Amino acid sequence: MHDFRFSFNILDVGSRDALIDRCRRSAELGYDVVLAADHLGAPAPFPLLVAIADATPQRVGTLVLNAPFWNAALLAREIATTDVLTDGRLEIGLGAGHMKWEFDAADIEWKPFGGRVEQLATTVDELHTFFTTDFDELPKERDAPRPLQRSGFEGSGPPLLIGGTGDRVLRIAAAHADTVGVAGTFQIPGKPPGTFRLATAEETDERIRFVRKHAGNRADGIEWHLLVQMVVETDDRESAAQRIAERMAGSMTADAVLDTPYLLLGTVDEMAEQLARHRERYGFSYITVHDPYMEAFAPVIDALRKRG
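Note that the structure is a prediction, hence the values are computed from the model and not measured.

**Q** I'd like a description of a negative patch on the surface, backed by residues and values.
**A** A cluster of acidic residues, E202, D235, D236, E238, D255, D259, D269 and E270, forms a negative patch on the protein surface. Within the residue set of the negative patch, elements represented by two or more residues are helix 10 (254-259) and helix 11 (268-281). Here D269 shows up in helix 11. D269 sits in the exposed class, given a relative accessible area of 58%.

Right under this line is the structure:
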């Protein structure tokens, strides 16, 4: 069982000073990692992470890069350069992409899910090649990352997180990822791409079993990542769950809201107990909250660390 790690994801910059102040504050609150997303309308991830790492001692990472947005050779250059400039504190999260409007706005082909998963698999394979092959042995057309070796980048690349919910993405994660993010979101049939419902506790159990089965001998070494979608401090969990269920328009019952690992509700001690149970039940030890919940979640971090 892995020790707990905690992170939050940056959604906007505002100003450089505001960004740096927020990240330094998060370090004081006990966050281990600061993450950047890869969405249109959000800050560009790699320069953001370099700026953060220059100002704080935390690790930095992506949650997650949309693999179809990237050419693998150019992505390898971005990763290697950022890893050097962050003193080896970079973690890379990859996903298949799920917001069709972003692809349309960027004039990138929106492929069916299978095509996007294939691009994810190809990206993982090519990054592995770029970071493990003697660059003198690469064919000339694969020469683009050659300067990276001279920059001091070594090894097989930064730690890799792969996130998703479907079978095909999770098979890739099982085979390659150091950290598996079971995203816990399911596309609602008949709704526009990117319209999701959250997984139940039982569905999460099944997804974890699926990954462990396909990971084989790798399973016990995997770090399991949980993205918490909402943190609600309350002394009345049942009433809060009922309100959330009503907002979800029937996609979850109040009981399911209370049980799912993707929502945290309760007092600080109750939320800490929930995460302790989730680590025991599912293996989730790497916990991320969205930026707006950074302050609200901090006492839970403190409570869990005091528990040991």
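**Q** Would you mind going over the packing of helix 7 (residues 167-176) against helix 8 (residues 201-215) in detail, with residue names and values included?
**A** Following both chains from N to C, one finds helix 7 and helix 8 inclined at 45°, their axes separated by 8 Å at the closest point. Regarding the angle of helix 7 to helix 8, the classification is oblique. With respect to the hand of their crossing, helix 7 and helix 8 are arranged in right-handed fashion. Across the interface between the two elements, D167, L170, R171 and A174 of helix 7 pack against R207, F210, V211, H214 and A215 of helix 8. In the contact of helix 7 with helix 8, the residues fall into five nonpolar, one polar and three charged.

**Q** Account for the environment of T267, naming residues and giving values.
**A** Positionally, T267 belongs in the loop between strand 12 (263-266) and helix 11. A relative accessible area of 28% places T267 in the partly exposed class. Residues T267 and L11, 256 residues apart in the sequence, show an inter-C-alpha distance of 26 Å. With residues near it in sequence (within four places) discarded, T267 still touches T234 and D235.

**Q** Quick one: what's the story with helix 8, residue by residue and with numbers?
**A** When the terminal C-alpha atoms of helix 8 are compared, their 21 Å separation across 15 residues agrees well with the 21 Å that a helix rising 1.5 Å per residue should span. Taken together, the buried positions of helix 8 are A201, T204, D205, R207, I208, F210, V211 and A215. Those residues of helix 8 that are buried are in contact with helix 7, strand 7 (179-182), strand 10 (223-228), helix 10, helix 11 and strand 13 (284-290).

**Q** Outline the packing of aromatic side chains, supporting the account with residue identities and numerical values.
**A** Applying the stated rule across the entire model yields nine aromatic pairs. Residues Y262 and F284 carry aromatic rings whose centres are separated by 6.5 Å and whose planes lie at 65° to one another, so their mutual orientation is edge-to-face. Taken together, the positions of Y262 in the loop between helix 10 and strand 12 and F284 in strand 13 put the pair 22 residues apart, joining distant regions of the chain. The same class applies to Y262 as to F284, namely buried. The ring of Y286 is capped by R5, whose NZ or CZ atom sits 4.0 Å from the centre of that ring. Note that R207 overlies the ring of F210, its terminal NZ or CZ placed 4.6 Å from the centroid.

**Q** Please set out the environment of T81 residue by residue, giving values where relevant.
**A** Here T81 is to be found in helix 3 (residues 72-85). Residues T81 and F46, 35 residues apart in the sequence, show an inter-C-alpha distance of 9.2 Å.

**Q** Kindly report on helix 1 (residues 16-29), identifying the contributing residues and their values.
**A** Counted at 1.5 Å a residue, the expected span for helix 1 with its 14 residues is 20 Å, and the 20 Å between its end C-alpha atoms agrees. Looking at helix 1, one finds that the buried residues are L19, I20, C23, S26 and L29. Buried residues in helix 1 make contact with strand 1 (5-10), strand 2 (33-36), helix 2 (45-55) and helix 12 (294-307). Looking one or two residues beyond helix 1, the residue adopting positive phi is G30, at roughly 105°.

**Q** Please provide a residue-by-residue account of unusual backbone geometry, values included.
**A** For the bond running from L63 to V64, omega is -20°, close enough to zero to count as cis. Within the element layout of this structure, V64 appears in the loop between strand 3 (59-62) and strand 4 (65-66). For D87, which is not glycine, the phi dihedral falls at a positive 60°. Structurally, D87 can be placed in the loop between helix 3 and strand 5 (90-95).

**Q** Go over the packing of helix 3 against helix 5 (residues 113-132), please, and point to the residues and values.
**A** The geometry of a pair of packed helices is captured by two quantities: the angle between their axes and the separation between those axes. Running from amino to carboxyl end, helix 3 crosses helix 5 at an angle of 55°, the nearest separation of the two axes being 9 Å. Accordingly, the angle class assigned to the pair helix 3 and helix 5 is oblique. Handedness of the helix 3/helix 5 crossing: right-handed. Contacts between helix 3 and helix 5 involve A72, A73, L75, A76, I79 and A80 from the former and T123, E126, L127, F130 and F131 from the latter. In terms of residue class, the contact of helix 3 with helix 5 is built from nine nonpolar, one polar and one charged.

**Q** Lay out the pattern of salt bridges in plain terms, naming residues and giving numbers.
**A** Following the criterion strictly, the structure yields 16 salt bridges and no others. The salt bridge partner of D291 is R22, with a shortest N-O separation of 2.5 Å. Here D291, found in the loop between strand 13 and helix 12, pairs with R22, found in helix 1; they are 269 residues apart in sequence, far enough to count as distant. Since its relative accessible area comes to 7%, D291 is described here as buried. Note on R22: relative accessible area 27%, which makes it partly exposed. Ionic pairing is found between R212 and D220, a salt bridge with its closest N-O pair at 2.6 Å. Relative accessible area serves as the criterion here: at 34%, R212 is assigned to the partly exposed category. According to the relative accessible area criterion, D220 is exposed, its value standing at 65%. One salt-bridge network, held together by shared partners, links R5, R59, E91 and E223.

Procedures and definitions
Throughout, residues of each chain are indexed from 1 in the direction in which the sequence is written. Where totals are concerned, whole chains, interfaces and linings use all residues; where local detail is concerned, this predicted model gives features only for residues with pLDDT of at least 70, and gives and counts side-chain atom pairs only at 80 or more. In computing side-chain values, all of the structure's heavy atoms are included and hydrogens and water are not. Exposure above 30% relative accessible area and no salt bridge define the residues that can form patches, which grow by joining like charges within 9 Å and nonpolar side chains of Val, Leu, Ile, Met, Phe, Trp and Tyr within 5 Å. Using a 1.4 Å probe, the Shrake-Rupley method yields the accessible areas, and only the shown protein chains count as cover for residues. Salt bridges are defined as contacts in which a side-chain nitrogen from Lys or Arg sits within 4 Å of a carboxyl oxygen from Asp or Glu. For the purpose of counting charges, residues Lys and Arg are taken to be positive, whereas Asp and Glu are taken to be negative. His and the chain ends are not included. By convention, the point assigned to a charge is CZ for Arg, NZ for Lys, CD for Glu and CG for Asp. Helix numbers and strand numbers start at the N terminus; a helix is a DSSP run of H or I with at least 4 residues, a strand a run of E with at least 2. Buried means the residue's accessible area, taken with a 1.4 Å probe over protein chains only, is under 20% of the maximum for its type, while exposed means over 50%, and partly exposed covers the values in between. Axis definition: a line fit to C-alpha positions, over the contact stretch in the case of helices; interaxial angles, taken between N-to-C directions, run 0 to 180 degrees. The labels follow the angle: roughly parallel below 35 degrees, roughly antiparallel above 145, roughly perpendicular from 65 to 115, and oblique for the rest. Crossings are classed by handedness, with left-handed meaning an anticlockwise turn of the near helix from the far one by less than a right angle and right-handed meaning a clockwise turn. A contact between two residues is defined here by any heavy atoms of the two lying within 4.5 Å. Classification convention: Asp, Glu, Lys, Arg as charged; Ala, Val, Leu, Ile, Met, Phe, Trp, Tyr, Cys, Pro as nonpolar; all other residues, Gly among them, as polar. How far a helix is expected to stretch is found by multiplying one less than its residue total by 1.5 Å. Stacked, tilted and edge-to-face pairs are distinguished by plane angle, under 30 degrees for stacked and over 60 for edge-to-face with tilted covering the rest, among Phe, Tyr and Trp rings (Trp via its six-membered ring) whose centres lie within 6.5 Å. A positively charged side chain is recorded as over a ring if its NZ (Lys) or CZ (Arg) lies within 6 Å of the ring centre. The angle to the ring normal must also be within 35 degrees.

The quantities given are spatial measurements derived from coordinates; they are silent on function.
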